[in-house]
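Take a look at the letters that make up each chain.
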Amino acid sequence: MIGVVGSINMDMMISSKRIPKKGETVKGESIKYLDGGKGANQAVAIARLKANVAMFGKVGSDEHGKNLITNLKNNNVNVDNIAIENNINSGLAIITIGENDNTIVVVPGANNKVDKNYIDNIKSELIKCDLIVLQHEIPQETNEYVIKICKENNIKVVLNPAPASAVSKEIVESVDYITPNEHEMKLIFGDRSVEEIVNEYKGKVLVTLGSKGVAAYVEGKGAVIVPCRKDCKTVDTTGAGDTFNGAFCVALTKGYDMEKALKFANIAAGMSTEKVGAQSGMPELDMVESEMK
Ligand code: RIB
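Residues numbered from 1 in each chain as written. Predicted model: local features only at pLDDT ≥ 70, side-chain atom pairs only at ≥ 80, totals over all residues. Heavy atoms only, no water.

## Considerations on the pairing of strand S2 (residues 9–16)
S2 sits mainly inside the fold: 7 of its 8 residues count as buried. Sheet topology note: the S2/strand S3 (residues 28–36) ladder contains 8 bridges and is antiparallel. Bridging from a neighbouring strand, Met12 pairs with Tyr33 of S3. (Buried < 20%, exposed > 50% of the residue type's maximum accessible area, 1.4 Å probe, protein only. Helix = DSSP H or I, 4+ residues; strand = E, 2+ residues; numbered from the N terminus. Pairing = 2+ DSSP bridges.)

Have a look at this one:
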């Protein structure tokens, strides 16, 4: 069982010809409310790839909260440990899509209440997992607490340090895999080259490079870039990073070597960009497997 400890958001997706500049107003073309949150997205990506996954996190006592749980349940994610926090809104992300890119403002709401106390309440279920994946949309001290519990219980941890914020040396050492993009990498490891970091942290640090693919250390080859899936008909990149992380976790549980795991995760991430919304385009296992061939 893979466990995701993280955020659950409602995404308010606004499509517009372009992303407004500071102080500017632009006309939107459409608005959609879609399920999101980096944690929930990663859980759905894992479930679509036919792995067992449990979501740990909180929603608010609003209408969005109920719908967000129902969506996870419908996607075969175990929701037994999701708590509903009273008198607070569920996490909300305002996403503007335009110019083949996006901007996101996240209001954490109930995600900020995923605290040590909550972790103590679900600990007996958490330690049943073989692998835990974390992001940066719940309080940092909660992530640190979860990592400590995982270490004590020999559970592997994947940390996706998004949105970008610094991570202590101790945390980098404690986790098994850390998956920053280039910007997040510089915040965590300083202004050094991707190759240098990847070679130093052999197999632990995977740097996602957007449309270029992902850089990682491969036994016998050193630092390599595993390219993205070619010919994607990209309409929205929201959730591509989450799909990559979820699929990478699935590949780990399948025992794939690093290169095969990254190929699998890249294919899934590429496919996810072909529909609007973080979760809409996330592929099923057979779609990824047939393209692996
Ligand atoms: O990674 C994409 C996600 O980031 C969106 O679903 C949004 O909720 C934000 O958390």
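## A short note on helix H3 (residues 116–126)
Within an α-helix, residues lying three or four positions from one another point in the same direction, as the helix has 3.6 residues per turn. Among the residues making up H3, those that are buried are Tyr118, Ile119, Ile122 and Leu126. Along the long axis of H3, the arc covered by the buried residues comes to 90°, so they all point the same way. The elements touched by buried residues of H3 are strand S1 (2–5), strand S4 (53–56), strand S5 (58–60), strand S6 (83–85), strand S9 (131–134) and helix H4 (140–152). (Arc of directions from axis to C-beta. Contact = heavy atoms within 4.5 Å.)

## A closer look at the layout of surface pockets
Unoccupied space between atoms shows up once a probe the size of one water molecule is rolled over them. Counted as a void, the largest pocket has a volume near 1200 Å³. Contributing to the lining of the largest pocket are 47 residues, with Asn181, Thr237, Gly239, Ala240 and Gly241 lying nearest its centre. Secondary-structure elements contributing two or more residues to the lining of the largest pocket are S2, helix H1 (38–48), strand S7 (91–98), strand S8 (101–107), helix H6 (182–189), helix H8 (240–253) and helix H9 (258–272). Lys116, Glu141, Glu144, Tyr145, Ile147, Lys148, Lys151, Ser168, Glu170, Ile171 and Ser174 are the residues that line the second largest pocket. Looking at the lining of the second largest pocket, the elements that each hand over two or more residues are H4 and helix H5 (169–174). Among the elements that take part in the lining of the second largest pocket, H4 stands out by supplying 6 residues, more than any other. Here the residues of the lining of the second largest pocket are counted per class, giving 3 nonpolar, 2 polar and 6 charged. (1 Å grid on protein atoms, 1.4 Å probe; cavity = no way out; pocket = protein on both sides within 12 Å on 5 of 7 lines; lining within 4 Å. Points joined across faces, edges and corners; volume = space filled by probe spheres on them. Nonpolar A, V, L, I, M, F, W, Y, C, P; charged D, E, K, R; others polar.)

## Remarks on the sheet that holds strand S14 (residues 222–226)
Across the sheet, which stays open at both edges, the 3 strands sit in the order S12-S13-S14 with antiparallel pairing between neighbours. Two strands lie at the open edges of the sheet, namely strand S12 (207–208) and S14, each paired on one side alone. Pairing of S12 with strand S13 (residues 214–218), which is carried by 2 bridges, proceeds in the antiparallel orientation. Counterpart to Val207 in the pairing with S13 is Ala215.

## Details of the site of the ligand
Around the ligand sit Asn9, Asp11, Gly36, Gly37, Lys38, Asn41, Ala93, Ile104, Glu137, Gly239, Asp242 and Ala278, and those are all the residues in its vicinity. Within the backbone of Gly37, an N or O atom sits 2.9 Å from an oxygen atom of the ligand. In this structure, Lys38 approaches the ligand through a side-chain N or O atom, which is 2.8 Å from an oxygen atom. Using a 2 Å cut-off from the grid points, one finds that the ligand occupies the largest pocket. Across the shell around the ligand, the residue classes break down as 3 nonpolar, 5 polar and 4 charged. (Near = heavy atom within 4 Å. Polar contact = N/O pair within 3.5 Å; in protein donor to acceptor, adjacent residues only side chain to side chain. Sits in = over half its atoms within 2 Å of the grid points.)

## Section: the sheet that holds S9
Within the open sheet, the 5 strands sit side by side as S4-S1-S9-S10-S11. Their pairing is parallel. The outermost strands of the open sheet, each flanked by one partner alone, are S4 and strand S11 (177–178). Pairing analysis gives 4 bridges linking S1 to S4, with the strands arranged parallel. Counted as the bridge partner of Ile2 is Val53 from S4. Relative to S9, H8 is tilted by about 165°, and along the sheet it contacts S1, S9, strand S10 (156–159) and S11. (Axes fitted to C-alpha atoms, helices over the stretch in contact; angles between N-to-C directions.)

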